[in-house]
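Descriptive analysis of the structure
Below are the chains, spelled out letter by letter.
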Amino acid sequence: MATEPESLRFLVDESSAGSRLDSFLAERIDGWSRSRLQQLIDGEDVLVNDAKAKSSYKVHTNDEIDVELTELPVTKFEPEDIPLDIVYEDEHLAVINKPAGMVVHPGAGVQSGTLANAVAHHFSLVTRHSSLVTRLGIVHRLDKDTSGLIVVAKSDEIHEALSEQFRERLVYKSYIALVHGATDDNVGKIEAPIGRNKHNRLRMKVATHGRSALSIWKVRRRFTKFTLLDVEIKTGRTHQIRVHMAYINHPIVGDEIYNEGRDNTIADSDIKNAINSMGRFFLHAEKLAFTHPKTGERLSFTIEMPDELRGLLNLL
């Protein structure tokens, strides 16, 4: 199971009523400054009673506050000597090809073997007096079973500059996704808000009062009963592509959480076995482009999909 951005829920009691939302959260979430929490609130990663709110909102008794810690909190964990596939690196940042199966950042139940542990070791991001990392420039995330491109910063300055590009939707992110069924059109746009499923906190869903989310897709190739898509995301909500594609009834192949058993309906045993043997779902972060915070140069990267995905396409 992928480790997701940490999800927190608070119920406001009488003693806290009247506090500002940002202050209320800052008192309860270790390692998060009020200013960084304000960024989460502005980015719609904090909901009060399933609705968007401002940092200045005065909380009321029995308010339910849901928080998605989608940015990197100040944390501590051990660097680990784990090999990295580095696509680009300079003194300020690096672009890495993350394999499927690797969690990006330590979270509930996962404290080692993550991309962050590996990055900390490779870039020697440690304090002078301790072997523990106290700050790390993971700028965005990929699900555990999503492979592909991810950018990391080597300083707080670069981290903040890249984070701002993500917030302003200036970063280009395009994925390859193999989905079930044949789409009626060759291009499409899904603009549907995403929120956490209250009945299963590990799942997300399209929800009226969720966080705004926009995905743009186009057909790359059609197969019998499957379609290979290029999907550009303008926002970076948890499980965004997986939720959006399931929402339009074209769930991602191999996604046990969101395809509602669709993989089990495949009649061809060879194809079914190939999907099962992948050990992941078919989603790959193929393209990434952003402006270098120091040089101003627009950097663009493309990475081929891994063997297990190409193998399935060859079979199809």
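As shown above, the structure is provided for reference.
Read on for a plain summary of the structure. (Residues numbered from 1 in each chain as written. Predicted model: local features only at pLDDT ≥ 70, side-chain atom pairs only at ≥ 80, totals over all residues. Heavy atoms only, no water.)

The number of helices and strands found in the protein chain is 7 helices and 16 strands. Radius of gyration (C-alpha) of the protein chain: 20 Å, near the 20 Å computed for a compact globule of 316 residues. Projecting the C-alpha coordinates of the protein chain onto the three principal axes gives extents of approximately 60 × 45 × 35 Å. Relative to its full complement of 316 residues, the protein chain shows a buried share of 52%. Accessible area for the protein chain stands at about 14,900 Å²; split by element, carbon and sulfur atoms hold 46% of it. The averaged location of the 46 negative side-chain charges in the protein chain is 3 Å from the averaged location of its 40 positive side-chain charges. (Helix = DSSP H or I, 4+ residues; strand = E, 2+ residues; numbered from the N terminus. Rg over C-alpha atoms; globule rule 2.2 N^0.38 Å. Buried < 20%, exposed > 50% of the residue type's maximum accessible area, 1.4 Å probe, protein only. Areas by Shrake-Rupley, 256 points an atom, 1.4 Å probe, with all protein chains shown as cover. Lys, Arg positive; Asp, Glu negative; His and termini not counted. Charge placed at Lys NZ, Arg CZ, Asp CG, Glu CD.)

The biggest cluster of nonpolar side chains holds 46 residues, and the ones touching the most others in it are Leu115, Leu178, Ile241, Ile252, Phe282 and Leu312. Leaving out residues up to four positions away in the same chain, leucine 115 has contacts with Leu84, Ile96, Met102, Val103, Val104, Ile138 and Ile150. Membership of the second largest hydrophobic core comes to 18 residues, among which are Phe10, Leu25, Leu37 and Ile65. (Core = buried A, V, L, I, M, F, W, Y, C linked by side-chain atoms within 4.5 Å. Contact = heavy atoms within 4.5 Å.)

The full count for this structure, using the stated rule, is 3 aromatic pairs. Between phenylalanine 10 and phenylalanine 24, the ring centres sit 6.0 Å apart and the planes meet at 90 degrees, which makes this aromatic pair edge-to-face. One end of the pair, phenylalanine 10, is in strand E1 (residues 6-11); the other, phenylalanine 24, is in helix H1 (residues 21-26), and 14 residues separate them in sequence. Overall, the relative accessible area of 16% leaves phenylalanine 10 in the buried class. A relative accessible area of 2% means that phenylalanine 24 is categorised as buried. Clustering of aromatic rings is evident, with ring pairs tying together Tyr88, Phe290 and Phe301. One cation-aromatic arrangement involves arginine 28 over phenylalanine 24; the distance from NZ or CZ to the ring centre is 3.7 Å. (Phe/Tyr/Trp six-rings, centres within 6.5 Å; stacked < 30°, edge-to-face > 60°. Lys NZ or Arg CZ within 6 Å of the ring centre and 35° of its normal.)

By the definition in use, this model includes 19 salt bridges. Arginine 167 is the salt-bridge partner of glutamate 160, the closest N and O atoms lying 2.6 Å from each other. Its relative accessible area of 34% is what places glutamate 160 among the partly exposed residues. Three or more residues are tied together by salt bridges with common partners; here these are Arg9, Glu64 and Asp66. (Salt bridge = Lys/Arg side-chain N within 4 Å of Asp/Glu carboxyl O.)

Spacing of three or four residues puts side chains on the same side of an α-helix, whose turn is 3.6 residues. Along helix H6 (residues 269-278), the residues that are buried comprise Ile271, Ala274, Ile275 and Met278. Taken down its axis, H6 places every buried residue within 100 degrees of arc, on the same side. Exposed residues pointing more than 90 degrees away from the buried face of H6 are listed as Asn276 and Ser277. Those residues of H6 that are buried lie in contact with strand E14 (226-233) and helix H7 (307-315). Once H6 finishes, glycine 279 follows within two positions and takes phi at roughly 70 degrees, a positive value. (Arc of directions from axis to C-beta.)

Right, let's get into the environment of glutamate 160. Tracing the sequence through the fold places glutamate 160 in helix H4 (residues 156-167). Separated by 116 residues in sequence, glutamate 160 and glutamate 44 have C-alpha atoms that sit 18 Å apart. If we skip the residues at most four places from it in the chain, glutamate 160 touches Gln39 and Arg167. Reaching out from glutamate 160, the side chain makes a polar contact with the side chain of arginine 167 at a distance of 2.6 Å. (Polar contact = N/O pair within 3.5 Å; in protein donor to acceptor, adjacent residues only side chain to side chain.)

Running from N to C, H6 and H7 cross one another at 175 degrees; their axes reach a closest spacing of 10 Å. When the interaxial angle is binned, H6 and H7 end up roughly antiparallel. Facing Asp270, Ile271, Ala274, Ile275 and Met278 of H6, the residues of H7 in contact are Glu308, Leu309, Leu312 and Leu315. Classifying every residue of the contact of H6 with H7 by side-chain character gives 7 nonpolar, no polar and 2 charged. (Axes fitted to C-alpha atoms, helices over the stretch in contact; angles between N-to-C directions. Parallel < 35°, antiparallel > 145°, perpendicular 65-115°, else oblique. Nonpolar A, V, L, I, M, F, W, Y, C, P; charged D, E, K, R; others polar.)

Right, let's talk about the pairing of E14 for a bit. Of all 8 residues in E14, 8 are buried; the element is thus mostly enclosed. Across the two faces of E14 the burial is the same, with Phe226, Leu228, Asp230 and Glu232 and Thr227, Leu229, Val231 and Ile233 all buried. Sheet analysis places strand E9 (residues 172-180) next to E14, joined by 7 bridges and oriented antiparallel. By the bridge assignment, histidine 180 is partnered in E14 with phenylalanine 226. Pairing of strand E13 (residues 214-223) with E14, which is carried by 8 bridges, proceeds in the antiparallel orientation. (Pairing = 2+ DSSP bridges.)

What follows covers the environment of arginine 34. Topologically, arginine 34 is positioned in helix H2 (residues 34-42). Arginine 34 gets classed as partly exposed once you look at its relative accessible area, which sits at 38%. The sequence separation of arginine 34 and serine 23 amounts to 11 residues, and the corresponding C-alpha distance is 6.6 Å. When near neighbours in sequence (up to four residues on either side) are disregarded, arginine 34 contacts Arg20, Asp22, Ser23 and Ala26.

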